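Remarks on the overall topology
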Amino acid sequence: MKERLITLQLTERRHQELDTPDSELVAAAQAATDGSYAPYSRFHVGAAIRLDDGTIVTGANQENAAFPSGICAERTAAYYAGAKYPDKKFQAIAIAAREGDSEEMTDYHISPCAACRQTLLEYEKLAGKGVRVLMVSRKSVLEAESVASLVPLAFTSF
């Protein structure tokens, strides 16, 4: 038997420590929570993707009573970006959320679900380099250098 240790390195920054492009991306993800349709979970998620030309594309989670027909914010943004800007490469994605009627972002960092990680991994492969992932909380932002770092045993035979 052989054991393997898989580690993940994240960088945590307070909002005021972000550079201007990251601050704008985080603000776009936070604003995107307003487009969430979440009458069942009341968990409003927004995502913002920066493309290689600087364009920011946003998306929000959309729920449906016919579970699991809804879609996460990350995939909403990714699929729109892929359809609208097929020749552009993803550079970074920011993900933020708020709960219930609160206007405040959550006190904990929001990370993509497994389905979103796999979807984003394919866009990362198309980009030919790591797509940074910014996971937002009310007080700080956790940064992963790439989607692949969040999926260490990813399905990559595509």
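The notes below deal with the structure included here.

The rules we used
Residues numbered from 1 in each chain as written. Predicted model: local features only at pLDDT ≥ 70, side-chain atom pairs only at ≥ 80, totals over all residues. Heavy atoms only, no water. Helix = DSSP H or I, 4+ residues; strand = E, 2+ residues; numbered from the N terminus. Expected span 1.5 Å × (residues − 1). Contact = heavy atoms within 4.5 Å. Salt bridge = Lys/Arg side-chain N within 4 Å of Asp/Glu carboxyl O. Buried < 20%, exposed > 50% of the residue type's maximum accessible area, 1.4 Å probe, protein only. 1 Å grid on protein atoms, 1.4 Å probe; cavity = no way out; pocket = protein on both sides within 12 Å on 5 of 7 lines; lining within 4 Å. Points joined across faces, edges and corners; volume = space filled by probe spheres on them. Core = buried A, V, L, I, M, F, W, Y, C linked by side-chain atoms within 4.5 Å.

**Some details on unusual backbone geometry**
Cis rather than trans, the peptide bond between F67 and P68 has omega equal to 5 degrees. On the secondary structure map, P68 appears in the loop between strand 3 (56-60) and helix 2 (73-84). Positive phi is not limited to glycine here, since R42 has a value of about 55 degrees.

**A short note on helix 2**
Counted at 1.5 Å a residue, the expected span for helix 2 with its twelve residues is 16 Å, and the 16 Å between its end C-alpha atoms agrees. Of the surrounding secondary structure, the elements contacted by the buried residues of helix 2 are strand 2 (43-51), strand 3, strand 4 (90-99) and helix 3 (114-127).

**Re the pattern of salt bridges**
Considering all chains together, one arrives at nine salt bridges under this definition. The closest approach of N and O atoms between D22 and R132, which form a salt bridge, is 2.5 Å. Of the two residues, D22 is situated in helix 1 (residues 20-32) and R132 in strand 5 (residues 132-136); the sequence distance between them amounts to 110 residues. Its salt-bridge partner being R138, residue D107 comes within 2.8 Å of it at the nearest N-O pair. Highlighted residues: D107 in the loop between strand 4 and helix 3 and R138 in the loop between strand 5 and strand 6 (140-144), separated in sequence by 31 residues. On the basis of relative accessibility, which here comes to 57%, the residue D107 falls in the exposed class. Connected via shared salt-bridge partners are R13, D22, R50, R132 and E143.

**So, the environment of E24**
With respect to the helices and strands, the residue E24 is situated in helix 1. In sequence terms E24 and R50 are 26 residues apart; their C-alpha atoms lie 9.7 Å from each other.

**Focus: the layout of surface pockets**
Looking at the largest pocket, its volume works out to about 250 Å³. Around the largest pocket, the lining is made up of 20 residues, and of these N61, E63, I71, C72 and A73 lie nearest the centre. Taken together, the elements giving at least two residues each to the lining of the largest pocket come down to strand 2 and helix 2. Here the lining of the largest pocket takes three residues from helix 2, the largest share from any one element.

**So, the nonpolar core**
In summary, soluble globular proteins display a tendency toward joint burial of nonpolar side chains. Core analysis: the biggest nonpolar cluster contains 26 residues, and I49, F90, I93, V133 and V147 have the highest contact counts within it. Not counting residues within four places of it along the chain, the set of residues in contact with I93 comprises L25, A47, A48, I49, E74, L120, V131, R132, V133 and L134. Grouped together as the second largest cluster of nonpolar side chains are 13 residues, L18, A29, A96 and L134 included.

**Considerations on helix 3**
Over its 14 residues, helix 3 runs 20 Å from end to end, which matches the ideal 20 Å to within 8%, given 1.5 Å per residue. Buried within helix 3 are the following residues: C116, R117, T119, L120, L121, Y123, E124 and A127. Its buried side turned inward, helix 3 meets helix 2 and strand 4. Within two residues after helix 3, G128 carries a phi angle of roughly 80 degrees, on the positive side.

Take it as geometry only, folks, not as evidence of what the structure does.
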